[in-house]
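Report on the structure
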Amino acid sequence: MTETPRVTVIAPMKNEELNVAMLAEEIGAAMAPLAPFEVIFVNDGSTDDTAGAIARTRARFPWLREVRHAASCGQSAAVLSGVRAATAPLCCTLDGDGQNPPSELPGLLAPLLADTTGTVGLVAGQRVDRQDTASKRLGSRAANALRRWLLKDDTRDTGCGLKAFPRQVFLSLPFFDHIHRYLPAMVKREGYGIVLVDVTHRARSEGRSNYTNFGRALVGVLDLIGVWWLLRRRKVQKVVHADAWQPAKAGTAGDDAA
């Protein structure tokens, strides 16, 4: 890859060796009209052969890169590692389990590519017809309702892995674990606009989920309290003028006397 990528696609992966090749192939097909691009698979401390699968797939696709964690750090940390390693000004994320169709990526990127004012800080996918278990759907519905009521983020589904944002916007946010579930609220906190896009969803074809409903609920309550506190404490400073720095001229005050 010789040209600087326009977009970096980031997929966190933990024990997803069976999904690596399929996901890379689908991302490549979806992103071809938006070339040049790069894809970063963040191997989050996998204990299977995810690393080997990525290495074999990289031999086929020169735009694919790997970032590897020595131990599992969680999805938000994996996204952060991918964004830090990205070389493109725009980033997209999707889950590494294959449930987010890569064919949705161009539609997700369209509002950012059309934004000439720099006011759009996030394009968030909202899943339609989720292909998950009934218990997972019910738990997610309850959590989303509570989040919308408390945070007023006007978003139906923040758990969707399909998101797109300017790299610098994400890096400007205060980082905490599970921030990927609260990006609409955190981006609005910084004064940026949010665009919501309905996206499709599909059942997991390989591997198994790394999360449980109980685990999500337990951390979700604590996260909500923390995010609510961050939103209340935010004070936006609007700078209307700032003089540019200029080097001092020889012989002016401040120079050493002869």
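Quick notes on the rules
Residues numbered from 1 in each chain as written. Predicted model: local features only at pLDDT ≥ 70, side-chain atom pairs only at ≥ 80, totals over all residues. Heavy atoms only, no water. Helix = DSSP H or I, 4+ residues; strand = E, 2+ residues; numbered from the N terminus. Buried < 20%, exposed > 50% of the residue type's maximum accessible area, 1.4 Å probe, protein only. Contact = heavy atoms within 4.5 Å. Areas by Shrake-Rupley, 256 points an atom, 1.4 Å probe, with all protein chains shown as cover. Core = buried A, V, L, I, M, F, W, Y, C linked by side-chain atoms within 4.5 Å. Salt bridge = Lys/Arg side-chain N within 4 Å of Asp/Glu carboxyl O. Phe/Tyr/Trp six-rings, centres within 6.5 Å; stacked < 30°, edge-to-face > 60°. Pairing = 2+ DSSP bridges. Axes fitted to C-alpha atoms, helices over the stretch in contact; angles between N-to-C directions. Parallel < 35°, antiparallel > 145°, perpendicular 65-115°, else oblique. Left-handed = near helix turned anticlockwise from the far one by under 90°. Nonpolar A, V, L, I, M, F, W, Y, C, P; charged D, E, K, R; others polar.

**A look at the overall build of the protein chain**
Helices and strands together make up the secondary structure of the protein chain, namely eight helices and seven strands. Buried residues in the protein chain amount to 46% of all 258 residues. In the protein chain, 80% of the contacts between residues at least 6 apart in sequence involve partners at least 24 apart. Carbon and sulfur atoms form 56% of the exposed surface of the protein chain, whose accessible area is close to 13700 Å².

**A closer look at the nonpolar core**
Counting residues in hydrophobic clusters, the biggest one holds 32 residues, and the most contacted among them are V9, I27, M31, V39, F41 and C92. The dominant element in this core, judged by the number of residues it contributes, is helix α1 (residues 20–31), at five residues. Ignoring anything within four residues of it in the chain, the contact list for F41 reads A11, M13, V20, L23, A24, I27, I54, L64, R65, E66 and V67. Residues V79, V169, F170 and Y182 belong to the second largest nonpolar core, which totals 26 residues.

**What about the pattern of salt bridges?**
Following the criterion strictly, the structure yields six salt bridges and no others. Where E38 meets R65, a salt bridge forms, and the shortest distance between an N and an O atom there is 2.9 Å. Of the two residues, E38 is situated in strand β2 (residues 37–44) and R65 in strand β3 (residues 64–69); the sequence distance between them amounts to 27 residues. Its relative accessible area of 1% is what places E38 among the buried residues.

**Here we look at the packing of aromatic side chains**
Under the definition given, this model contains three aromatic pairs. On the numbers, 5.2 Å between centres and 45 degrees between planes, the contact of F37 with W63 is tilted. Linking F37 in strand β2 with W63 in the loop between α2 (50–58) and β3, this pair joins segments that are 26 residues apart in sequence. Of the two residues examined, F37 and W63, each falls in the buried class. Here the aromatic rings of F165 and F170 are separated by 5.1 Å at their centres, their planes lie at 20 degrees, and the arrangement is stacked. The two residues F165 and F170 agree in class, both being buried. Here the aromatic cluster, defined as three or more aromatic residues joined through ring pairs, consists of F37, F61 and W63.

**Quick notes on the sheet that holds strand β5 (residues 120–127)**
Spatial ordering of the open sheet is given by β3-β2-β1-β4-β6-β5-β7, a layout of seven strands whose pairing is mixed. Two strands in the sheet have a free side with no partner beyond their single neighbour: β3 and β7 (193–199). With strand direction ignored, the average angle separating the axes of adjacent strands in the sheet is 20 degrees. Alignment of β5 against β7, held across seven bridges, turns out to be parallel. Residue pairing for β7: R127 is matched across the bridge by V199. Taken strand by strand, α2 contacts β1 (7–13), β2 and β3, and its axis lies near 160 degrees from that of β3.

**Some words on the packing of α1 against α2**
Contact pair α1 / α2: the axes reach a minimum separation of 9 Å and the direction vectors enclose 40 degrees. Looking at the two axes, α1 sits oblique to α2. Where α1 crosses over α2, the two elements pack in a sense that is right-handed. Facing V20, A21 and A24 of α1, the residues of α2 in contact are T50, A53, I54 and T57. Among the residues making up the contact of α1 with α2, the classes are represented as five nonpolar, two polar and no charged.

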